[in-house]
Amino acid sequence: MSAEITRPLKEAVDGIPLQRADGLILVLETPKGRGVFASKDIPARTVLEVSPVLVLDPKENDEHIKHTELYHYTYNWPYTAPQNGVNGKSQTNGSRAPLMTQALILGLGSMFNHSTQHQNVGWERDLAKKLITYTTLRNVTKGEELCISYGQRLTFRDSEEEQMASGPEDWTEVLNYMELID
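The following paragraphs examine the structure supplied in this document. (Residues numbered from 1 in each chain as written. Predicted model: local features only at pLDDT ≥ 70, side-chain atom pairs only at ≥ 80, totals over all residues. Heavy atoms only, no water.)

**Re the overall build of the protein**
- Of regular secondary structure, the protein possesses four helices and nine strands.
- Taken from the N to the C terminus, the helices and strands of the protein come in the order α-β-β-β-α-β-β-β-β-β-β-α-α.
- Taken as a whole, the protein presents about 12,900 Å² of accessible surface, with 53% of it coming from carbon and sulfur. (Helix = DSSP H or I, 4+ residues; strand = E, 2+ residues; numbered from the N terminus. Areas by Shrake-Rupley, 256 points an atom, 1.4 Å probe, with all protein chains shown as cover.)

Put into C-alpha cells, the structure is as follows:
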C-alpha cells in the first residue's frame with residue numbers, strides 16, 4: 001500500500017466513533033418546523049446521536065451567519081481563539097477574543113426542537129473533540145417528538161410557556177398528585 005492510502009486508513013482507525021440510534025426519523029412539517037421523532041420505543045439513557053460540531057469564527061458569525069437562516073440552527077459555544085489569532089491572523093488592535101461564539105451542529109443535532117415541559121433528550125458537549133452527545137432522559141414512546149431544552153435565552157416565543165401560565169388542562173392530574181403528597 002502506498003503512504004497516501006495508509007495514512008487515511010490509520011486516521012480512520014484512530015478516529016472518533018460516531019453513532020446514531022435506530023428508530024429516529026426526521027419529520028419535515030410539524031407545528032415547530034422540522035423535528036426528530038421516535039419511530040419505535042427508546043429506553044432511557046440511550047445515546048441517540050454523537051454529532052460533530054463546526055465552531056464558527058466570532059467575526060464571521062457576527063458579520064455573516066447572524067443574517068441568515070443558518071443562525072437559527074446554531075448553538076452557543078465557548079470560543080478559544082487560535083494562539084496566533086483568529087483565522088491565523090494576529091490580533092493587532094489588542095482586543096481580546098470573545099468568550100462565546102456559535103457552532104453549527106452537524107447530523108441530527110440541529111434538528112431537535114425545544115420543549116420546556118416535554119424535554120426528553122439531554123445533551124453534553126465535548127469541547128476538546130468538538131462533539132455533542134444526545135441521550136434520552138427517560139423512556140420515549142413510539143411517535144413521540146424528541147426535544148431538548150434550548151435554555152432560557154430563546155430567540156422565539158415559547159408556546160409552552162403560555163400553556164404553563166394558563167394552568168394545566170386537566171386539574172384531575174394535579175389533584176391526584178396532591179393526594180400523593182399528603
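Continuing now.
**Considering unusual backbone geometry**
- Positioned with a positive phi, Arg45 is a non-glycine residue whose angle comes to about 65 degrees.
- One can find Arg45 in the loop between strand S2 (33-38) and strand S3 (47-55).
- Phi at Lys130 takes a positive value of approximately 55 degrees, unusual for a residue other than glycine.
- Its place among the elements puts Lys130 in the loop between strand S7 (121-126) and strand S8 (131-136).

**Here's the deal with the sheet that holds strand S5 (residues 100-105)**
- A sheet is described by the order of its strands in space; here five strands give the open sequence S4-S5-S3-S8-S7, paired in antiparallel fashion. With one partner strand each, in any of the chains shown, strand S4 (74-78) and S7 form the two edges of the open sheet. Looking at each pair of strands side by side, their axes are set apart by 35 degrees on average, direction ignored.
- Examined bridge by bridge, S4 and S5 share five bridges and lie antiparallel to one another. Opposite Thr74, over in S5, you have Leu104 as the bridge partner. (Pairing = 2+ DSSP bridges. Axes fitted to C-alpha atoms, helices over the stretch in contact; angles between N-to-C directions.)

**Quick look at the side chain of Glu145**
- Of note, Glu145 is situated in the loop between S8 and strand S9 (147-148).
- Of the residues examined, Glu145 reaches a relative accessible area of 16% and is grouped as buried.
- There is a polar contact of 2.7 Å between the side chain of Glu145 and the side chain of Asn113. (Buried < 20%, exposed > 50% of the residue type's maximum accessible area, 1.4 Å probe, protein only. Polar contact = N/O pair within 3.5 Å; in protein donor to acceptor, adjacent residues only side chain to side chain.)

**Some details on the pattern of salt bridges**
- Counted under the stated rule, the structure contains three salt bridges.
- Here Glu49 ties to Arg20 by a salt bridge, and the two come within 2.5 Å at their closest N and O atoms. Remark: Arg20 occurs in the loop between helix H1 (3-13) and strand S1 (24-30) and Glu49 occurs in strand S3; sequence separation between them is 29 residues.
- For Glu49, a relative accessible area of 3% corresponds to the buried category.
- Taking the shortest distance from any N to any O, the salt bridge between Glu144 and Arg138 comes out at 2.4 Å.
- On the basis of relative accessible area, Glu144 is assigned to the buried category, the value being 18%. (Salt bridge = Lys/Arg side-chain N within 4 Å of Asp/Glu carboxyl O.)

**What about the pairing of S7?**
- When S7 meets S8, the two strands line up antiparallel, connected through six bridges. Bridge pairing links Val121 to Thr136 in S8.
- The hairpin formed by S7 and S8 contains four residues between the paired strands, and Lys130 there has a positive phi angle of roughly 55 degrees.

**Side note on the nonpolar core**
- Counting 20 residues, the largest nonpolar core has Leu48, Tyr134 and Leu146 as its most contacted members.
- Among the secondary structure elements, those contributing two or more residues to this core are S2, S3, S4, S5 and S8. (Core = buried A, V, L, I, M, F, W, Y, C linked by side-chain atoms within 4.5 Å.)

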